[in-house]
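What follows is each chain in one-letter form.
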Amino acid sequence: PCLSSGFTLLEILIAIAILALVVSSLYGAYSGTIETTAMVESARDIDQAGRLALMQMVDDFSSLYYKKAEGENEDSPFRFQGGMEGESEEGTVVEFASAAHLGFDGSFPNLRINRVSYVLEKQVDSKRYYRLVRKELPFADLSGEREETAVELADTVESLTVTYLNEDGETLSQWDSKAQETEGFLPRLVRIRLQLAGEKSRVFTATVALPVWEEEEGEGQ
C-alpha cells in the first residue's frame, strides 16, 4: 500500500489555531508595553514641565525687586500686584519687578530690572485647560519702547493659585503694593500651587520667602 505524505486538513487547522494564539499573545504583551511606555513618558513630561515652571516662578520671586518711589502711580514698574483677575481664570495671575531674566539677548552681566507677569491663557482647542505664559518686559524702570518677550512654561494647566502671607500670618488671595491696607509692603511669603492635567492630575507646590521692605529705609531690596 502507498502511504500518503503531507499534512491533513485537520493538522493544518490546528497549526493555524496555535499560530493565531501565539501571535495574539505577543500582540497583547507588545500593546501593553507600548501603552505603559506612553503613560510613563506622559507622566515624565508633565513632571518635568511642572517642576521647570515652578523653578522659574521661584527664581523670579526670589529675585524680586521693589522700591517705593515718591508719587508712585498706578503704572509704577515696581508695583507688586497679584490676584487681579481671580485665581484659576484666564488673565494675569501676578506681576512684579524682578532682577531675574531668561537671558535671550545673551548679555552678561545682566543688571536690568524686568517687569515679569504670569498669565493664564485659554487653550484654543480646550474648554478646560490653560497655557501658563511668562511675560518679561526688560528695563522696566526705563522710559521708552521696549520689546516684551513671552514664553510658554506649561500647557494643560488646570489651575494656578498664588496666595500671600502677611506679617501677621494671615493668608490673602490678593496683594497690591498700592492698596491702602498693604501700601508699600510686600508679602512675607508667597505660596504657589500649580495643577497640570495628564493621565492623572499632578499638583506642584512651592513656598517662597520674599525680601522684607522696610518703608523707613527709602531703598528697595
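Residues numbered from 1 in each chain as written. Predicted model: local features only at pLDDT ≥ 70, side-chain atom pairs only at ≥ 80, totals over all residues. Heavy atoms only, no water.

**What to know about the overall build of the protein chain**
1) Next: Counting its secondary structure elements, the protein chain contains one helix and nine strands.
2) Next: Starting at the N terminus and ending at the C terminus, the protein chain contains elements arranged as α-β-β-β-β-β-β-β-β-β.
3) Next: Put simply, the protein chain has 221 residues, and 34% of those count as buried.
4) Next: Contacts spanning at least 24 positions in sequence make up 56% of the contacts within the protein chain whose residues lie at least 6 apart.
5) Next: Carbon and sulfur atoms form 54% of the exposed surface of the protein chain, whose accessible area is close to 13,500 Å². (Helix = DSSP H or I, 4+ residues; strand = E, 2+ residues; numbered from the N terminus. Buried < 20%, exposed > 50% of the residue type's maximum accessible area, 1.4 Å probe, protein only. Contact = heavy atoms within 4.5 Å. Areas by Shrake-Rupley, 256 points an atom, 1.4 Å probe, with all protein chains shown as cover.)

**Thoughts on the nonpolar core**
If you look at soluble globular proteins, the nonpolar side chains tend to sit buried side by side.
1) Next: Membership of the largest hydrophobic core comes to 35 residues, with the highest contact counts inside it found for Phe61, Phe80, Leu132 and Leu160.
2) Next: Going through the elements one at a time, helix H1 (9–62), strand E2 (91–98), strand E3 (114–122), strand E4 (130–137), strand E5 (149–165), strand E8 (189–196) and strand E9 (202–209) are the ones with two or more residues in this core.
3) Next: Among the elements that make up this core, the one with the highest residue count is E5 (six residues).
4) Next: Discounting chain neighbours no more than four positions away, the residues touching Leu132 are Ala53, Tyr118, Val119, Leu120, Val151, Glu152, Leu153, Ala154, Val157, Leu160 and Leu194. (Core = buried A, V, L, I, M, F, W, Y, C linked by side-chain atoms within 4.5 Å.)

**Some remarks on the packing of aromatic side chains**
1) Next: The full count for this structure, using the stated rule, is five aromatic pairs.
2) Next: An angle of 25° between the planes, with centres 5.8 Å apart, marks the rings of Phe80 and Phe96 as stacked. With a gap of 16 residues between them, Phe80 in the loop between H1 and strand E1 (81–82) and Phe96 in strand E2 connect regions that are remote in the sequence.
3) Next: The class of Phe80 is buried, set by a relative accessible area of 1%.
4) Next: The class for Phe96 is buried, based on a relative accessible area of 1%.
5) Next: Linked through ring pairs, Phe61, Phe80, Phe96 and Tyr164 together constitute an aromatic cluster. (Phe/Tyr/Trp six-rings, centres within 6.5 Å; stacked < 30°, edge-to-face > 60°.)

**A word on the confidence of the model for the protein chain**
1) Next: Looking at the protein chain, the pLDDT average stands at 79 and 75% of residues meet or exceed 70.
2) Next: When the elements of the protein chain are averaged for pLDDT, H1 gives the smallest value, 81, and E8 the largest, 95.
3) Next: Of the regions scoring below 50 in pLDDT, residues 214–221 engages in 13 contacts with residues more than four places distant in sequence or in other chains. (pLDDT = per-residue confidence, 0-100.)

**Here we look at a nonpolar patch on the surface**
1) Next: A cluster of nonpolar residues, Leu10, Ile14, Ile18, Val22 and Leu26, forms a patch on the protein surface that exposes about 500 Å² of accessible area.
2) Next: Assignment of secondary structure puts Ile18 in helix H1.
3) Next: Given a relative accessible area of 51%, Ile18 falls into the exposed group. (Patch = residues over 30% accessible without salt bridge, like charges linked within 9 Å, V, L, I, M, F, W, Y side chains within 5 Å. Salt bridge = Lys/Arg side-chain N within 4 Å of Asp/Glu carboxyl O.)

**Some remarks on the pairing of E3**
Put simply, side chains in a regular strand alternate between the two faces of the sheet.
1) Next: The buried count for E3 comes to seven of nine residues, which makes it a mostly enclosed element.
2) Next: In the sheet, E2 pairs with E3 via seven bridges, with the strands oriented antiparallel. In the sheet register, Thr92 faces E3, and the bridge partner there is Val119. (Pairing = 2+ DSSP bridges.)

**A look at unusual backbone geometry**
1) Next: Of note, Thr156 is a non-glycine position whose phi angle comes to about 50°, a positive value.
2) Next: Counting through the fold element by element, Thr156 comes out in strand E5.

**Some details on the pairing of E9**
1) Next: Alignment of E8 against E9, held across eight bridges, turns out to be antiparallel. Note on E9: the bridge partner recorded for Arg191 is Thr207.
2) Next: Counted along the chain from E8 to the antiparallel partner E9, the turn is five residues long.

**Considerations on the environment of Arg131**
1) Next: Secondary-structure assignment places Arg131 in strand E4.
2) Next: Residue class for Arg131 comes out partly exposed when judged on its relative accessible area of 24%.
3) Next: If sequence neighbours within four positions are ignored, Arg131 has contacts with Val119, Leu120, Glu121, Gln123, Glu152, Ala154 and Asp155.
4) Next: Among the polar contacts listed, one links the side chain of Arg131 to the side chain of Glu121, at a separation of 2.4 Å. (Polar contact = N/O pair within 3.5 Å; in protein donor to acceptor, adjacent residues only side chain to side chain.)

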